[in-house]
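One letter stands for each residue in the lines below.
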Amino acid sequence: MEMSSKEAAFIREHWPVEGRAERIARAEQAWKEIREIASTFKRLDPETLKWIAEDPDLEYL
């Protein structure tokens, strides 16, 4: 699938070459943090997960 000129212009405007390495580094760091947070849920038992999911106060955090 080939990119249209409109799509290419959008990409050039919103994600210029300058700063690319920094954007990638920030994205990789965010992904690492997300995985660390998600891994804590693997250690929770099903009853605790259900309690978290049903807690109405957590809905608005």
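Our structure's up above, just so we're on the same page.
Each chain has its residues counted from 1, following the order in which its sequence is written. In keeping with the predicted nature of the model, local features appear solely for residues at pLDDT of at least 70, side-chain atom pairs appear and are counted solely at 80 or more, and the whole-chain, interface and lining totals rest on all residues. The basis for the side-chain values is all heavy atoms of the structure; hydrogens and waters are excluded.

(A) Inspection of the packing of aromatic side chains at higher detail. Think of it this way: a Phe, Tyr or Trp ring, Trp meaning its six-membered ring, pairs with another when their centres are within 6.5 Å, and the plane angle makes it stacked under 30 degrees, edge-to-face over 60, tilted otherwise. Applying the stated rule across the entire model yields one aromatic pair. Relative to tryptophan 15, the ring of phenylalanine 10 has its centre 5.7 Å away and its plane inclined at 75°; by these criteria the two rings are edge-to-face. The rule is simple: take the accessible area with a 1.4 Å probe, protein chains only, and divide by the maximum for that residue type; under 20% is buried, over 50% is exposed, in between is partly exposed. In this structure phenylalanine 10 comes out as partly exposed when scored by relative accessible area, which is 43%.

(B) Main features of a nonpolar patch on the surface. On the surface, Met3, Phe10, Ile11 and Trp15 cluster together into a nonpolar patch covering about 410 Å² of accessible area. A helix here means a DSSP run of H or I that spans at least four residues, while a strand means a run of E at least two residues long, and both kinds are numbered starting from the N terminus. Along the chain, methionine 3 turns up in the segment before α1 (5-14). Within this analysis, patches are made of residues with over 30% relative accessible area and no salt bridge. Like charges are joined at 9 Å or less; nonpolar side chains (Val, Leu, Ile, Met, Phe, Trp, Tyr) at 5 Å or less. Note on areas: Shrake-Rupley, 1.4 Å probe, and residue coverage restricted to the protein chains presented here. The term salt bridge refers to a pairing of a side-chain nitrogen on Lys or Arg with a carboxyl oxygen on Asp or Glu at a separation within 4 Å.

(C) Seen up close, helix α3 (residues 46-54). The buried fraction of α3 is low, at zero of nine residues. Throughout this description, a polar contact denotes any pair of N or O atoms lying within 3.5 Å of each other; where both atoms belong to protein, one of them has to be capable of donating a hydrogen while the other can accept it, and for residues adjacent in sequence the pair is counted only when both atoms sit in side chains. Where α3 begins, one side-chain oxygen reaches toward the backbone nitrogen of glutamate 47, 3.2 Å away; that side chain belongs to aspartate 45.

(D) Broad picture of the environment of glycine 19. Turning to its location among the elements, glycine 19 is positioned in the loop between α1 and α2 (20-42). The class for glycine 19 is partly exposed, based on a relative accessible area of 30%. Considering only alpha carbons, one finds glycine 19 and aspartate 55, 36 residues apart in sequence, at a separation of 41 Å.

These figures capture arrangement, not role.
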